[in-house]
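# Structural features, examined
Each chain, letter by letter, is given below.
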Amino acid sequence: ILFYKQVFMGPLDRNNELFHFFFFFAKKSFLNNTCIISSAHCGKSMDIQWACLKKGTRIIQWPKHKRLNQRWILIRIGNVFAIKSAFSDLFLDIKG
């Protein structure tokens, strides 16, 4: 899974760097503990393009629809988090 747009580091000076995490807690559901990650700037959500299951699939911004290709799982590893797709079981990666 790759980001469609270039990801870069920058100062925290605009809403472009801020995200909303919408968590879902459903008993006895495979969607338990998933979240939708949306930009505070435009409200669009991280979405697996074309709901594709292949490695290297692009991640795009898309209006929030709450389907599985917009569901993510945050996995704590020490003091950082990995972001895994609830749809494909693959992790976010930045090409380069």
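Residues numbered from 1 in each chain as written. Predicted model: local features only at pLDDT ≥ 70, side-chain atom pairs only at ≥ 80, totals over all residues. Heavy atoms only, no water.

## Overview of the overall build of the protein chain
The helix and strand inventory of the protein chain stands at zero helices and seven strands. Listed by position from the N terminus, the elements making up the protein chain come as β-β-β-β-β-β-β. Looking at the protein chain as a whole, 28% of its 96 residues are labelled buried. Counting only contacts in the protein chain whose residues sit at least 6 apart along the sequence, the fraction spanning at least 24 positions is 43%. Total accessible area computed for the protein chain in this model is approximately 7100 Å², and 58% of it derives from carbon and sulfur atoms. (Helix = DSSP H or I, 4+ residues; strand = E, 2+ residues; numbered from the N terminus. Buried < 20%, exposed > 50% of the residue type's maximum accessible area, 1.4 Å probe, protein only. Contact = heavy atoms within 4.5 Å. Areas by Shrake-Rupley, 256 points an atom, 1.4 Å probe, with all protein chains shown as cover.)

## So, the side chain of Lys84
Note on placement: Lys84 falls in strand 7 (residues 80-85). Among the polar contacts made by the side chain of Lys84, one reaches the side chain of Asp89 at a distance of 3.3 Å. Residues in contact with Lys84, not counting those within four places in the same chain, are Arg71, Trp72, Ile73, Ile75, Asp89, Leu90 and Phe91. (Polar contact = N/O pair within 3.5 Å; in protein donor to acceptor, adjacent residues only side chain to side chain.)

## Some points on the environment of Ala40
Tracing the backbone through its elements, the reader meets Ala40 in the loop between strand 3 (34-39) and strand 4 (45-48). On the accessibility criterion, Ala40 (27% relative accessible area) is partly exposed. In sequence terms Ala40 and Phe21 are 19 residues apart; their C-alpha atoms lie 9.8 Å from each other.

## Considering the environment of Lys66
Mapping Lys66 onto the fold places it in the loop between strand 5 (58-62) and strand 6 (72-77). Spatially, the C-alpha atoms of Lys66 and Asp47 are 9.7 Å apart, while their sequence positions differ by 19 residues. If we ignore the near neighbours within four places in the chain, the residues touching Lys66 are Ile36 and Arg71.

## Digging into the confidence of the model for the protein chain
This prediction gives the protein chain a mean pLDDT of 76; 71% of its residues lie at or above 70. Averaged over each element, pLDDT in the protein chain is lowest for strand 1 (residues 2-3) (40) and highest for strand 4 (89). Every residue in residues 1-10 scores below 50 in pLDDT, and together they form 28 contacts with partners more than four places removed in sequence or on other chains. (pLDDT = per-residue confidence, 0-100.)

## Examining the environment of Ile59
Positionally, Ile59 belongs in strand 5. Judged by relative accessible area, which is 3%, Ile59 ranks as buried. Taking the C-alpha atoms as reference points, Ile59 and Asn69, ten residues apart in sequence, are found 9.7 Å from one another.

## What about unusual backbone geometry?
We note that Ala51 has phi near 50°; this positive angle belongs to a residue other than glycine. The exposure class of Ala51 is partly exposed, given its relative accessible area of 34%. Positioned with a positive phi, Lys66 is a non-glycine residue whose angle comes to about 70°.

## A look at the nonpolar core
The biggest cluster of nonpolar side chains holds seven residues, and these are Cys35, Ile37, Met46, Ile48, Ile59, Trp72 and Leu92. Broken down by secondary-structure element, the contributors of at least two residues to this core are strand 3 and strand 4. (Core = buried A, V, L, I, M, F, W, Y, C linked by side-chain atoms within 4.5 Å.)

## A closer look at a nonpolar patch on the surface
Side chains of Phe19, Phe21 and Phe23 sit close together on the surface and give an oily, nonpolar patch of about 300 Å² of accessible area. Tracing the backbone through its elements, the reader meets Phe23 in strand 2 (residues 19-24). (Patch = residues over 30% accessible without salt bridge, like charges linked within 9 Å, V, L, I, M, F, W, Y side chains within 5 Å. Salt bridge = Lys/Arg side-chain N within 4 Å of Asp/Glu carboxyl O.)

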